[in-house]
Amino acid sequence: MLKRAVESINDTCFIWRQELKQMFKDEGVIIFFIVVPLLYPLLYSWIYNNEVVHEVSVVVVDDCHTALSRKFIRQCDASPDVKVLCYAADIDEARSLVSRQLAKGVYVIPSDFETRLNRMEQATVTVYCDMSLMLAYKAVFQTAQTVTQLMGSEINIARSSHYTLREEQIAARPLDFEEVVIYNPSGGYGSSIIPAVLMLILQQTLVLGIGMLAGTSREENRYSNLIPFSRQYHGMFRIVSGKSLAYLMVYIPLAAYLALVVPWMFGFPAIGQWQPLLAIMIPYLLDCTFFGIVVSCMVHYRENVMLLMVFVSIPLLFLSGVSWPQTSIPGFWQGVSWLFPSTFGIRAYVRVNSMGCSLSDILFEYQILWVQTVVYFILACLVYRYQIHLTRQAVRDRVARMKAKS
Amino acid sequence: MLVYLKDIWRLAVRECRILLKNRIYGFCMVVFPLLVMFFFTSLLSEGQPQELPVGVVDHDNTSTTRALVQRLDGFQTSHVVAHFASVADARRAIQENQIYGFLYFPKGTTDKLLASRQPKISFYYTMTTLSAGSMVYKDLKTIASLGSAAVGQATLKARGATDEQIKALLQPIRLDLHQINNPWTNYNIYLSTMMVPGLMMLFMFLISAYSLGTELKFNTSKEWVAMADGNMFVAIIGKFLPQTVVFFTIVLCYEYYVFGHLGFPHPGGWLIIVLLAVLQVAASQGFGIFAFGLMPSLRMSMSICSLWAVLSFSMAGSAFPLMAMDGPLKALSWLFPLRHYFMIYQTCLFNGYPLYEAWFHLAALVAFTIMPWLVIGKIKNAMLTYVYIP
């Protein structure tokens, strides 16, 4: 009994060492296990580091040319999000500026703008938006909206016959309100998307690397079996734990780097406490590892894993509910998203990291991660048992053939 | 000339056999691209996120506050799912992913409102999911402003103002918004038209590098070069012609599906659509072959292709605009075919401006197409002398 236990530990460690050797021998695996997780987050953080769109160019067609119309233009220009590029003589000239990508929107002030306001009628400002960039459209539209509201309340106050400042304030806004953004307060694009990307990079590089390693060992095997025919590779449990230990050894520091160092370096939200972070990273890493092992058994040539897994990254990011709200994902795709560790890993991490959740807030995701870990571990063991069976079968066949020959 | 054509034909027939024999080609050239197309168009089929869950903390609980809550629930993008006892509970619900924001009425809101003592309500929302956050923000802000407007309207009516006058007094300046070619702010039109072509380009990159690399891997490279009599132009054209045809057909299927069937706006017309499809396929294959020529090893070229392709979704500057990125990144974006594709798409097809407005991007895609020419010698050398090491 004791002897068996010692033997199985020995075998596990042997496989662990073998796997590490393979890993560092292979430049393709080095790229995906070390270079990509280290550099890609930095690159993405750099891309999104400016967070918000400022100074979107607009063209103004001012048919009114009065003090009020110029005030509108001045205030738009002074706002952080919009920059008035130039005046255009008419809408055609403005359109040609937009078509040359010099401006993203057009403000048209009609000739009766001030006249109507002086007559106490509703005046209009026409806004044309180029809809090819959502953030630019929002900047152009929301700036015009804010400025017209501000000017409107100023006009209203001037028209009213109140005596005190306080009366004017109350008349302008009888019901006051305050808007509070509680998480990701700058509304930054990077702060919203990068935490999700970090977790996705963790899963994807791990799966790609494991898949490549499996493909290589299959190609190096004389009979294109996944596991070599040697004494140590006889137990499914030993294989799965030995290999996992090797991957975890590399990925535990990387996970710490992705989950803690990168957000800190670029000033992305990082208000999570260490206990819940640690609590979710453990099942997430295990989950990704076993998931990777299961996927790797489907890979017959080492490069095929890239064809299978790379394109999935973008849909997986959408399924995590970070760029498209989780409640708006159709049921079918919700179901598909349950197959991948990243869905729950991203949700749990984003909420701990960006919203400061405690473990009880993300209990559901946390439990699902553990369920997935167990399921993928069992699956990984089963596929390896099948592989062991295949290897033995192949050996038996060969022996039988050799016997028949002799 | 005729000899060349004959060689090309023979190589194309050989390539067709390879494509049929190895199942991975069928998956990566037909099944996955179509799957991705259905994924994005069905995921975003709502157009805009709808019925996003929001909550209410109503300590006042009068008919005025309830009317505002009902109005909020009536909006298409918001759905009031719960009432909470306190702000702390509601915040907790945001953390538990139940709601994206909530509206808070302190006690005495209505009393103060009627007594003209300017009560203050507040709304809280989270921006961790930008699309949900900005939708919920818009609705919550509208409701909060409507509270004031309702009071103003009641006062003005009591004084005998006409509807026209009330409108002019409540909102002296009105915005007349024209959202050109996407008046519904439809995210399907905005995102699918970049994501799907981008993923198709990813497959074109990868398959181009893969099909060259596997010649080395399966030790058929010498046979391939020999069939073209050592002429690499013929060899490459013959090998990639069938792939071009398949990819072009798939891209056209996609174009028909989104512009024809789903009716996405395409004022540029079908000529531009076909031109864009040709350029998309040719430039991507050019890039894939170039990447292989640069590093004639299957794994390195495929790694470069996948990293480049995934990066291009950010560098295309569609979700987060390029103009907001740092200077060096703007220059780097020229190296990504998807960036040029996106610019031609949005200038000429989506907005319907003349083709010469995007001449630079057109030229860039043509340049990507002829880039393999730079490394053709290297590819030949690799095919004849390199040995594949797993």
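Values in this document were obtained by computation on a predicted structure and should not be read as measured data.

## Some words on the overall build of chain B
Phase 1 of the analysis: When its secondary structure is counted, chain B shows 16 helices and 5 strands.
Phase 2 of the analysis: For a compact globule of 390 residues, the expected C-alpha radius of gyration is about 21 Å, and chain B comes in at 29 Å, more than 25% above that figure.
Phase 3 of the analysis: Considering only C-alpha atoms, chain B reaches an extent of 95 × 45 × 40 Å along its principal axes.

## Regarding unusual backbone geometry
Across the chain, the bulk of peptide bonds are trans and the bulk of non-glycine residues have phi less than zero.
Residue and element names in this part refer to chain B.
Phase 1 of the analysis: A positive phi angle is found at S116, which is not glycine, with a value near 55 degrees.
Phase 2 of the analysis: By the element assignment, S116 lies in the loop between α5 (109–114) and β4 (120–126).
Phase 3 of the analysis: One non-glycine residue, N181, adopts positive backbone phi at about 70 degrees.
Phase 4 of the analysis: Here N181 shows up in the loop between β5 (173–180) and α8 (187–217).
Phase 5 of the analysis: Taking the C-beta count within 10 Å as the criterion, N181 has 19 such neighbours and is therefore assigned partly exposed.

## What to know about the interface of chain A and chain B
Phase 1 of the analysis: Between chain A and chain B, the residue contacts involve 85 residues of the former and 87 residues of the latter.
Phase 2 of the analysis: A per-element tally of the side of chain A that touches chain B places helix α6 (residues 134–159) of chain A first, with 12 residues.
Phase 3 of the analysis: Relative to β5 of chain B, strand β4 (residues 123–130) of chain A is paired through 8 bridges, and the arrangement is parallel. By the bridge assignment, T126 of chain A is partnered in β5 of chain B with D176 of chain B.

## Remarks on helix α15 (residues 363–405) of chain A
Phase 1 of the analysis: In this model, α15 of chain A (43 residues) spans 63 Å end to end at C-alpha, consistent with the 63 Å of a helix rising 1.5 Å per residue.
Phase 2 of the analysis: Lining the buried residues of α15 of chain A we find α9 (236–266), α10 (274–296) and α14 (341–355) of chain A.

## Remarks on the packing of α14 of chain A against α15 of chain A
Residue and element names in this part refer to chain A.
Phase 1 of the analysis: It is the contact of α14 with α15, at a shortest axis distance of 9 Å, that shows an interaxial angle of 150 degrees. With respect to α15, the element α14 is oriented roughly antiparallel. α15 is crossed by α14, and the crossing has left-handed handedness. Two secondary-structure elements touch here, α14 through P341, F344, G345, R347 and A348 and α15 through E365, Y366, I368, L369 and Q372.
Phase 2 of the analysis: Looking at the contact of α14 with α15 residue by residue, the class counts come to 6 nonpolar, 2 polar and 2 charged.

## Let's talk about the sheet that holds β4 of chain B
Phase 1 of the analysis: Taking strand neighbours across the sheet as the criterion, the 5 strands line up as β5(A)-β4(B)-β3(B)-β1(B)-β2(B) in an open arrangement whose pairing is mixed. Strand pairing shows two members of the sheet lacking a second neighbour, β5 (176–183) of chain A together with β2 (78–83) of chain B, which therefore form its edges. Recorded for the sheet is a direction-independent mean angle of 25 degrees between the axes of neighbouring strands.
Phase 2 of the analysis: As paired strands, strand β3 (residues 101–105) of chain B and β4 of chain B are joined by 4 bridges and run antiparallel to one another.

## Looking at the domain arrangement of chain A
Phase 1 of the analysis: Under the domain assignment, chain A is made up of domain 1 (2–49 + 188–405) and domain 2 (56–172).
Phase 2 of the analysis: Just the C-alpha atoms count here: the centres of domain 1 of chain A and domain 2 of chain A sit 53 Å apart.

## Remarks on the sheet that holds strand β1 (residues 56–62) of chain A
Phase 1 of the analysis: If you walk across this open sheet you meet the 5 strands as β2(A)-β1(A)-β3(A)-β4(A)-β5(B), and the pairing is mixed. This sheet does not close on itself; its edge strands, each paired only once, are β2 (82–87) of chain A together with β5 of chain B. Between one strand axis and the next, the sheet turns by 25 degrees as a mean value, whatever way the strands run.
Phase 2 of the analysis: One ladder, built from 5 bridges, connects β1 of chain A with β2 of chain A; its direction is parallel. Within β2 of chain A, the residue paired with S57 of chain A across the bridge is K83 of chain A.
Phase 3 of the analysis: Packing against the sheet, α6 of chain A makes contact with β1, β2, β3 (105–109) and β4 of chain A together with β5 of chain B, and its axis sits at approximately 170 degrees to β4 of chain A.

## Comments concerning the packing of α10 of chain A against α15 of chain A
Residues and elements named next belong to chain A.
Phase 1 of the analysis: Contact pair α10 / α15: the axes reach a minimum separation of 8 Å and the direction vectors enclose 30 degrees. In this view, α10 runs roughly parallel relative to α15, as classed from their interaxial angle. Crossing geometry of α10 relative to α15 is assigned as left-handed. Here α10 contributes A279, I280, P283, Y284, L286, D287, F290, F291, I293 and V294 to the contact with α15, which in turn contributes Y366, L369, W370, Q372, T373, Y376, F377, L379, A380 and V383.
Phase 2 of the analysis: Of the residues in the contact of α10 with α15, the class split is 17 nonpolar, 2 polar and 1 charged.

## So, the pairing of strand β1 (residues 52–58) of chain B
Consecutive side chains of a regular strand alternate in pointing toward one face of the sheet and then the other.
All names here are of chain B.
Phase 1 of the analysis: Most of β1 is tucked away: 7 of the 7 residues are buried.
Phase 2 of the analysis: Neither face of β1 is left uncovered, since the one carrying L52, V54, V56 and D58 and the one carrying P53, G55 and V57 both have all their residues buried.
Phase 3 of the analysis: Running through helix α3 (residues 63–74), the crossover from β1 to the neighbouring parallel element β2 is right-handed.
Phase 4 of the analysis: Where β1 lies against β3, 4 bridges are found, and the strand directions are parallel. Counterpart to G55 in the pairing with β3 is F102.

About the thresholds
Residues numbered from 1 in each chain as written. Chains lettered and ligands numbered in written order. Predicted model: local features only at pLDDT ≥ 70, side-chain atom pairs only at ≥ 80, totals over all residues. Helix = DSSP H or I, 4+ residues; strand = E, 2+ residues; numbered from the N terminus. Rg over C-alpha atoms; globule rule 2.2 N^0.38 Å. Buried ≥ 20, exposed ≤ 12 C-beta atoms within 10 Å, placed from the backbone. Contact = placed C-beta atoms within 7 Å. Pairing = 2+ DSSP bridges. Expected span 1.5 Å × (residues − 1). Axes fitted to C-alpha atoms, helices over the stretch in contact; angles between N-to-C directions. Parallel < 35°, antiparallel > 145°, perpendicular 65-115°, else oblique. Left-handed = near helix turned anticlockwise from the far one by under 90°. Nonpolar A, V, L, I, M, F, W, Y, C, P; charged D, E, K, R; others polar. Domains from an automatic or database assignment. Right-handed = clockwise from strand over helix to strand, strands pointing away.

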